[in-house]
Amino acid sequence: MKQYNVGVLGATGAVGQEMLKILQQRNFPVKDLRPLASARSAGTKIEFMGEQVPIVETTDKAFSGLDIVLGAAENDIAEKFAPHILEAGAVFVDNSSAFRLREDVPLIVPEINPEDVKWHKGILSNPNCTTIITLMALSGIARVTEIETMVASSYQAVSGAGIAGMRELQEEVAASFKGESYAPKAFPYPIAYNVIPQIGSRQFMGYTSEEMKMQNEGRKILHLPEMKVSCTCVRVPVLRSHSISALIRTKDKISVEQARSLIAAAPGCRLVDDLDNKQYPMPLDTSDQDLVFVGRIREDLTDDHGLNFWCCGDQIRKGAALNTIQIAELL
Ligand code: A2P
């Protein structure tokens, strides 16, 4: 099997570290690994395939000889280095939102639109984590009918704000036990024992940038340019798995029983839907694994083409690192 020289941009972050783990778990054909981060981390070593690999400072010239670069850094870093990645002849599979809506950049959930990798021009984007998890949950239904509208509320883990977000929740809880005060840094307010109904900045008619991703990215992935989505994104004190409550309206009526069998048969999904036995998706159960759990499937009481569901998925794995590596596998 051909082997590839793989770079991970942002290798020391929450998503980057998970990428390194998943590359090994899935036996991705890595010839040489180049973990890239800021000057702060350069020289420190990480273990990969039983070897100590030094972290390389990201510079314009740091990509030579690479075949694939997996992006796990913020937009500004992805934007700054993308031209140099392409110049070096590597393909850039990026997890930031910098290129997701560009017309020459495919936006991929491998279980939904794998064929879109074919028209890439060097950059491919990994969608927003909440969008991936929600679309995965409805992927079985989307295969048999159009999704016309969706009303969704997300309950997003602190891992969405990277290692700093996870550390902040843990430190705040620890500080509260000691009766100490804690000044939030990663979030605008304390996240321990709280929920914050803002993720991202104001973008459109009072909706935030994070909330508009579900519609804008969802349309591109599902090839449904008319789909309408109203979304409310909320940060909750959960470490690393996002949950979403969604009401979809489908073109053809889908019964609850049909929805259950479509979801149970959808690759990457697990149906967990037995209220009497208290079986439903919960973020603790979906953390550190690959499947999106879907349950609480109910007919909408206001519209007979409507279906409610609840889903959870690991934001760092399927919502980010795993999906990015699945895109690289398709390539
Ligand atoms: P570093 O650890 O050296 O700062 P997270 O969102 O989990 O905090 O991860 C952010 C990732 O982006 C880290 O790997 C971080 O590396 C990396 N990063 C931050 N600034 C830069 C930069 N200027 N160039 C390259 N990588 C960067």
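Look up a bit, the structure's there.
What you are looking at is a predicted structure, and each value in this text was computed from that prediction instead of being measured. (Residues numbered from 1 in each chain as written. Predicted model: local features only at pLDDT ≥ 70, side-chain atom pairs only at ≥ 80, totals over all residues. Heavy atoms only, no water.)

Engineer: What's the story with the packing of aromatic side chains in this structure? I'm lost.
Structural biologist: One pair of aromatic rings is described through two measures. These are the centre distance and the angle between the planes. In total, this model carries 3 aromatic pairs according to the counting rule given. Their ring planes at 55° and their centres at 5.9 Å tell us that Phe63 and Phe81 sit as a pair that is tilted. Note that Phe63 is positioned in the loop between β5 (56-57) and β6 (68-71) and Phe81 in helix α2 (residues 75-87), a separation of 18 residues in sequence. Of the two residues examined, Phe63 and Phe81, each falls in the buried class. (Phe/Tyr/Trp six-rings, centres within 6.5 Å; stacked < 30°, edge-to-face > 60°. Helix = DSSP H or I, 4+ residues; strand = E, 2+ residues; numbered from the N terminus. Buried < 20%, exposed > 50% of the residue type's maximum accessible area, 1.4 Å probe, protein only.)

Engineer: It is not clear to me how unusual backbone geometry should be interpreted in this structure. Could you clarify?
Structural biologist: The residue Met49 is not glycine, and still its phi comes out positive at about 50°. Counting through the fold element by element, Met49 comes out in the loop between β3 (45-48) and β4 (51-54). Even without being glycine, Tyr193 reaches a positive phi, approximately 60°. In this fold, Tyr193 is placed in the loop between α4 (162-177) and β10 (202-204). Taking relative accessible area as the criterion, Tyr193 reaches 62% and is therefore assigned exposed.

Engineer: Can you walk me through the sheet that holds strand β9 (residues 147-156) in this structure?
Structural biologist: The strands making up a sheet associate through hydrogen bonds between their backbones, and the pairing can be parallel or antiparallel. Pairing in this open sheet of 6 strands is mixed, and the strands run β12-β9-β13-β16-β15-β14 from one edge to the other. The open sheet has two edge strands with one neighbour each: β12 (228-235) and β14 (269-271). Strand-to-strand twist of the sheet, defined as the mean angle between neighbouring strand axes without regard to direction, takes the value 20°. As defined by bridge partners, strand β13 (residues 241-250) adjoins strand β16 (residues 306-314) across 9 bridges and the pair is classed as antiparallel. Paired with Ile244 across the strands is Cys311, a residue of β16. Contacting β9, β13, β14, β15 (292-299) and β16, helix α3 (residues 129-142) runs over the sheet at an angle of about 130° to β16. (Pairing = 2+ DSSP bridges. Axes fitted to C-alpha atoms, helices over the stretch in contact; angles between N-to-C directions. Contact = heavy atoms within 4.5 Å.)

Engineer: Any chance you could explain the packing of α3 against helix α6 (residues 256-265) here in plain terms?
Structural biologist: Helix packing geometry: the angle between the two helix axes and the distance between the axes. Viewed as axis vectors pointing N to C, α3 and α6 meet at an angle of 115°, and their least axial separation amounts to 8 Å. The orientation of α3 relative to α6 falls into the category roughly perpendicular. The chirality of how α3 crosses α6 is right-handed. On α6, the residues touching Ala137, Gly140 and Ile141 of α3 are Ala259, Leu262 and Ile263. (Parallel < 35°, antiparallel > 145°, perpendicular 65-115°, else oblique. Left-handed = near helix turned anticlockwise from the far one by under 90°.)

Engineer: Whenever I open this one, helix α1 (residues 14-25) confuses me. Can you help?
Structural biologist: Within an α-helix, residues lying three or four positions from one another point in the same direction, as the helix has 3.6 residues per turn. Between its first and last C-alpha, α1 extends 17 Å over 12 residues, near the 16 Å set by a 1.5 Å rise per residue. Restricting attention to buried positions, one finds in α1 the residues Ala14, Val15, Gly16, Glu18, Met19, Leu20, Ile22 and Leu23. Where α1 is buried, its residues contact β1 (4-9), β2 (30-37), β3, β6, α4 and α8 (317-330). With its phi angle positive at about 50°, Asn27 sits one or two positions after the end of α1. (Expected span 1.5 Å × (residues − 1).)

Engineer: Honestly, the side chain of His84 in this entry has me stumped. Any pointers?
Structural biologist: Looking at the element boundaries, His84 is found in helix α2. Residue classification places His84 among the buried residues on the basis of a relative accessible area of 18%. In this structure His84 touches Asp60 and Phe63, once residues within four positions along its chain are discounted.

Engineer: Could you clarify how one ought to interpret the nonpolar core in this entry?
Structural biologist: Generally speaking, nonpolar side chains in soluble globular proteins are found buried as a group. Membership of the largest hydrophobic core comes to 39 residues, with the highest contact counts inside it found for Val8, Met19, Leu23, Phe28, Leu33 and Leu70. Among the domains, domain 1 (4-126 + 321-330) and domain 2 (131-315) are the pair contributing at least three residues each to this core. Sequence-distant contacts of Leu70, defined by excluding residues within four places in its chain, comprise Val6, Gly7, Val8, Leu9, Met19, Leu23, Val93, Thr324, Ile325 and Ala328. (Core = buried A, V, L, I, M, F, W, Y, C linked by side-chain atoms within 4.5 Å. Domains from an automatic or database assignment.)

Engineer: Help me understand the sheet that holds strand β7 (residues 91-94), please; the structure alone is not making it clear to me.
Structural biologist: Read from one edge to the other, the open sheet built from 6 strands follows the order β5-β2-β1-β6-β7-β8, with strand pairing classed as parallel. The open sheet has two edge strands, β5 and β8 (123-125), and neither has a second partner. Across 6 bridges, β1 lies against β2 in parallel orientation. Looking across to β2, one finds that Asn5 is bridged to Asp32. Helix-sheet contacts for α1 involve β1, β2 and β6, and the interaxial angle to β1 is about 155°. Packing of α2 onto the sheet brings it into contact with β1, β6, β7 and β8, and relative to β7 it is tilted by some 160°.

Engineer: Honestly, the site of the ligand in this entry has me stumped. Any pointers?
Structural biologist: Residues in close proximity to the ligand total 14 residues, the closest being Thr12, Ala14, Ser38, Arg40 and Ser41. Here an oxygen atom of the ligand sits 2.4 Å away from a polar atom, N or O, in the side chain of Ser41. For the ligand, an oxygen atom lies 3.2 Å from a polar atom in the backbone of Ile163. Surface burial for the ligand is 73%, taken as the share of its 570 Å² of free accessible area covered by protein chains. More than half of the atoms belonging to the ligand lie within 2 Å of the grid points that define the largest pocket. Taken together, the residues of the shell around the ligand break down into 6 nonpolar, 7 polar and 1 charged. (Near = heavy atom within 4 Å. Polar contact = N/O pair within 3.5 Å; in protein donor to acceptor, adjacent residues only side chain to side chain. Areas by Shrake-Rupley, 256 points an atom, 1.4 Å probe, with all protein chains shown as cover. 1 Å grid on protein atoms, 1.4 Å probe; cavity = no way out; pocket = protein on both sides within 12 Å on 5 of 7 lines; lining within 4 Å. Sits in = over half its atoms within 2 Å of the grid points. Nonpolar A, V, L, I, M, F, W, Y, C, P; charged D, E, K, R; others polar.)

Engineer: It is not clear to me how the pairing of β1 should be interpreted in this structure. Could you clarify?
Structural biologist: Moving residue by residue along a regular strand, the side chains alternate between the two faces of the sheet. Burial of β1 is extensive: 5 of the 6 residues sit out of reach of the surface. Of the crossover connections in this fold, the one passing from β1 over α1 to the parallel β2 is right-handed. (Right-handed = clockwise from strand over helix to strand, strands pointing away.)

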